[in-house]
Every structure is written in structure tokens, then in C-alpha cells.
Amino acid sequence: MDPNETTHVADVSAPDAVIAEPIRRLRYQEAFEFAPDCQLVTDRHGILVEANHAATVLLGSRKEFLINKPLGLFAVEGSRARFYECLWRLGQGALMDAFETRLSRRGDNPHEAHVVARVGERFGDPTAPGTIYWLIRDITQWRRAEDARAFLQLRLTTAQEDERRRIARDMHDTVGQTLTALALGIQALRDAGPLPQATLCRLDVVQRLADELAGQVHDLATRLRPTALDDLGLEAAAGHLVADWSVHTGVNADFQSDGLTAERLPSEVETTLYRVVQEALTNIAKHARARRVAVVLGRNDGYAVAVIEDDGIGFDPEEIAPTPRRADTRDRLGLLGMRERVTLVGGTLEIEAALGRGTTVIARVPLQAAPG
Ligand SMILES: Nc1ncnc2c1ncn2[C@@H]1O[C@H](COP(=O)(O)OP(=O)(O)O)[C@@H](O)[C@H]1O
Ligand SMILES: [Mg+2]
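Parameters at a glance
- Residues numbered from 1 in each chain as written.
- Chains lettered and ligands numbered in written order.
- Predicted model: local features only at pLDDT ≥ 70, side-chain atom pairs only at ≥ 80, totals over all residues.
- Heavy atoms only, no water.
- Helix = DSSP H or I, 4+ residues; strand = E, 2+ residues; numbered from the N terminus.
- Buried < 20%, exposed > 50% of the residue type's maximum accessible area, 1.4 Å probe, protein only.
- Areas by Shrake-Rupley, 256 points an atom, 1.4 Å probe, with all protein chains shown as cover.
- Near = heavy atom within 4 Å.
- Polar contact = N/O pair within 3.5 Å; in protein donor to acceptor, adjacent residues only side chain to side chain.
- Nonpolar A, V, L, I, M, F, W, Y, C, P; charged D, E, K, R; others polar.
- Donors = N, O, S within 2.8 Å, 3.2 Å for Na, K, Ca; no water.
- Contact = heavy atoms within 4.5 Å.
- Pairing = 2+ DSSP bridges.
- Axes fitted to C-alpha atoms, helices over the stretch in contact; angles between N-to-C directions.
- 1 Å grid on protein atoms, 1.4 Å probe; cavity = no way out; pocket = protein on both sides within 12 Å on 5 of 7 lines; lining within 4 Å.
- Points joined across faces, edges and corners; volume = space filled by probe spheres on them.
- Expected span 1.5 Å × (residues − 1).
- Salt bridge = Lys/Arg side-chain N within 4 Å of Asp/Glu carboxyl O.
- Core = buried A, V, L, I, M, F, W, Y, C linked by side-chain atoms within 4.5 Å.

A. Here's a closer look at the overall build of the protein chain. Scanning the protein chain for helices and strands turns up 12 helices and 10 strands. Counting all 372 residues of the protein chain, 34% fall into the buried class. When the accessible surface of the protein chain is totalled, it reaches about 22,700 Å², and 56% of it is carbon and sulfur.

B. Spotlight on the site of ligand 1. Near ligand 1, the surroundings consist of 14 residues, among which Asn283, Lys286, His287, Asp310 and Leu335 are the closest. At a separation of 2.8 Å, an oxygen atom of ligand 1 approaches a polar side-chain atom of His287. Side-chain polar atom of Asp310 to a nitrogen atom of ligand 1: 3.0 Å apart, as the coordinates give it. Here ligand 1 loses 87% of its free accessible area of 530 Å² to cover by the protein chains. Of all elements in the fold, only α10 (267–288) and α12 (334–344) reach the threshold of two or more residues within the shell around ligand 1. Looking at the shell around ligand 1, the element that brings in the most residues is α10, giving 6 residues. Residues that form the shell around ligand 1 fall into these classes: 5 nonpolar, 5 polar and 4 charged.

C. Quick peek at the coordination of the magnesium ion (ligand 2). Within the protein, the atoms that donate to the magnesium ion (ligand 2) are Glu279 (OE) and Asn283 (OD1), at distances of 2.1 to 2.5 Å. Residue Glu279 and its partner Asn283 are located together in helix α10, separated by 4 residues, close to a single helical turn. Its relative accessible area of 17% is what places Asn283 among the buried residues.

D. A look at the environment of Gly356. Here Gly356 lies in the loop between β9 (348–353) and β10 (359–366). Placed 44 residues apart in sequence, Gly356 and Gly312 show a C-alpha to C-alpha distance of 7.0 Å. Among residues more than four places away in sequence, those in contact with Gly356 are Gly312, Ile313 and Gly314.

E. Up close: the sheet that holds strand β1 (residues 38–42). Pairing within the open sheet is antiparallel, and its 5 strands lie in the order β2-β1-β5-β4-β3. Edge positions in the sheet fall to β2 (48–51) and β3 (96–105), since each has one partner strand and no second. Geometrically, the sheet is characterised by an average inter-axis angle of 30° between neighbouring strands, direction not taken into account. In this fold helix α6 (residues 140–191) packs onto β3, β4 (111–121) and β5 (132–138), with an angle of close to 115° to the strand it touches most, β4.

F. Molecular detail of the environment of Tyr84. Take Tyr84: it is sitting in helix α5 (residues 80–91). Taking the C-alpha atoms as reference points, Tyr84 and Gly72, separated by 12 residues in sequence, lie 7.5 Å from one another. For Tyr84, the residues in contact, after removing those within four places along its chain, are Pro70 and Gly72.

G. Representation of empty space enclosed by the protein within the structure. Applying the stated criterion across every chain, the model contains 1 cavity of 30 Å³ or more. Its boundaries defined by the atoms lining it, the largest cavity holds a volume of some 30 Å³. A class-by-class count of the residues in the lining of the largest cavity yields 6 nonpolar, 3 polar and no charged.

H. View of helix α9 (residues 234–249). Over its 16 residues, α9 runs 22 Å from end to end, which matches the ideal 22 Å to within 8%, given 1.5 Å per residue. Among the residues of α9, Leu234, Ala237, Ala238, Gly239, Leu241, Val242, Trp245 and Ser246 are the ones counted as buried. Following α9 by one or two positions, Gly250 adopts a phi angle in the positive range, close to 75°.

I. Here's a closer look at the pattern of salt bridges. According to the stated counting rule, one finds 25 salt bridges in the structure shown. In this structure, Arg166 engages Glu163 in a salt bridge whose closest nitrogen and oxygen atoms are separated by 3.4 Å. Here Arg166 pairs with Glu163, and both are found in helix α6, just 3 residues apart, close to one helical turn. For Arg166, a relative accessible area of 44% translates into the label partly exposed.

J. Region of interest: the nonpolar core. Counting 38 residues, the largest nonpolar core has Leu234, Leu281 and Ile308 as its most contacted members. Residue assignment for this core shows that the elements contributing at least two residues are α8 (227–231), α9, α10, β7 (292–300), β8 (303–310), α12, β9 and β10. If one sorts the elements of this core by residue count, α10 sits on top with 9 residues. Aside from chain neighbours lying at most four places away, what touches Ile308 is Val276, Val277, Ala280, Leu281, Ile284, Ala294, Val295, Thr359, Thr360 and Val361. Grouped together as the second largest cluster of nonpolar side chains are 24 residues, Leu58, Leu87, Trp134 and Ile136 included.

All quantities given are derived from atomic positions and should not be read as evidence of function.
In C-alpha cells form, the structure reads like this:
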């Protein structure tokens, strides 16, 4: 850096406050006016006092039109309440507020903009106490891309379940029929006449292999997509799953369900909660070293809920947060996949875990908002 320049800057900022103050204001004005995000100042009632260039573009109105208008006027019908709630919060002493909302753009190209607003009281301006500063970022493009991604993901998940259902049924039908034919063939050989003892022993072995194969095909098909989930519903399918899991792992598992018998849940909610229980049980078998497991399904207050609790070694959720950069976390898709699935049907997934204190997975899905 040029040493003379440093001296020069110091010289300019040094003079008395009478000159420094206008310069500071000018710089503030520049930063305000030319900021890429929409910046607004209102009074405590939300009446516009200042607006920068980006604000006039976002709202499609000239400054003269904006000033003295209530900012709430630009909120899309149905999203105005949040604006007034924000003003109320600041009036109650809150320092900051932030929310996502929709604004309507006026003028020659009217449309709706999806925005994030960050709002706070403006400090350090003794000439205008009680003014409120609004920083508004247009996220319309991002929101659109995000909605499209969620839509596509939901379609993919549905297509995947359909495919699994088809393969599971095909396996049952084709391999099942062949196995039945095999069993009939073995029986026919036995009935054909007195056979040497060695041949009979051989036939017993073939018979056992055929039975084993039938069991394996049944297990595979069930893991792909249990027919019970389509035919009998979540309660029955999850009940079988927990019981089978307990037999296979030797871990004590308790299953309870409440309020699910009267009426079937929407099919995508049933599938989602079933897959959550399935993945949670797989994780317990793989990682938890648990002695007891409890699975509870329920329906109340317009929500369907699945809770899977174990008394195993637990883990630190911070530790395992997957990042593309950490190779050891890259393949861990179980918890991520669970969360994604639940989010897609409008629900939330909570994981309560701590080292040495077991793990609880809680999925809640609202029943009205669920698509389909
Ligand atoms: N019930 C559980 N008990 C103990 N640790 C668990 C449990 N569930 C998940 N974890 C931990 O969280 C990590 C991430 O799980 P997940 O995303 O399903 O990936 P993966 O099972 O393939 O390792 C696991 O590797 C394990 O360390
Ligand atoms: Mg897993």
C-alpha cells in the first residue's frame, strides 16, 4: 500500500466533526440507495419514509408513489397479517424480526414476488426515533426452483414405491408359481412309486431347499414393499415389521398403535411412516446395541405420528451431520433420507439422541396438508 495514501486518508478523517458528519451521511445514502437488496425505512406504523432503487424495482413503483404509503399495501392478500404482527412485535420491544412472505409488484409488469424480510428498529438516528429498517430479499427464483425440486422428489419417491410394489408382486407371482410347481414335482416323484432310501433322502434335501427359497423370496419381496402395507394398512404392516425385526435381531421390541384402526391414513403418509420405522429399526440393529425398543404409532390433533425409541448407545447428532466434503459421512443417507421423505409430505422429523442415552426418532405428518 502507498504510505502517502494512508497519511492522506488519516488527514481527511481527522478534521472536525462538522465536515465528517455530512460525508458519513453521504456514504450512508450511497450504500442505502445502491444496495442490491431492497431497503426500506418506515415509521412504527409501517408507513414508508425511505425506499432505495432496488425497492422501486421490486415493488414496481416510483419513489414518489411509495413514500407515505403503508408497506402492508404491497403484501399479497392473505399475507398482510404477518406484516402487522411484525410491527406489533417491534412495538412490544423486540429488536429484530424475520419472515418469509409474498409481495405484489405493481406497475407495467405486475406479479407476485416471494421475499424474505429482515426487520429491525433503526438505531443511532436521533433525528428519527422509532423508525424501522426493512431489508427485503427477492427469493422468487430460489423458491420456484425449490418447489420444483420438492415436486420432482415427491414424484420420484412415488415412482420408486410403485416400482418396488410391482417388483415385489412379480417376485411373488413368478417365483412363487415356479416354487409351487417344484413342490408339486417333488410330491409327484414321491407318489410315483417306492423309491430307494438314498433317493428319498435326496428328495428331502431338495424339498428343504425349495422351502428355504420360498422363505427368502418372501422376505425379499416384503422388504421391497410389504403387501400388508397396501392390503391391510400401516398398523398391520408395521406390527409385522417390528415382530420380524425382533425375531431376527433378538432385541426385545414393543409395538403400540393408537387411533389407526378406524380409518386408513392417506397412502403416502402410510408409506412414509412405514419407511421411517423401517430405517430407524435398521439403524438400531446396525449401531445402537440396544436391549429394548419401543415403536409407537398414533393419530391425534390432525397429525399422524411415529415414535421409535431405543435404549442403546446413542450418538451425537452434531458429529454425524453429513457433509459432501467429509468422506466418512458421504454414504450416510439413512437419517437424511428419512428427513427428506417426511418433509415431502409436509411433516417434520425430530431426532433426540445423546451419547449413552439412547435414541428417539419422532416423525409427525399433518393429515390435511398431505398431498393427494
Ligand atoms: N439408533 C441409533 N443408535 C446409535 N447410533 C445411531 C442410531 N441411528 C443412527 N445412528 C448414528 O447415526 C449415523 C447415521 O445414520 P444413517 O444416516 O442411517 O447412516 P448409516 O446407517 O448408513 O451409517 C450412524 O452411522 C450412527 O453412527
Ligand atoms: Mg442407516
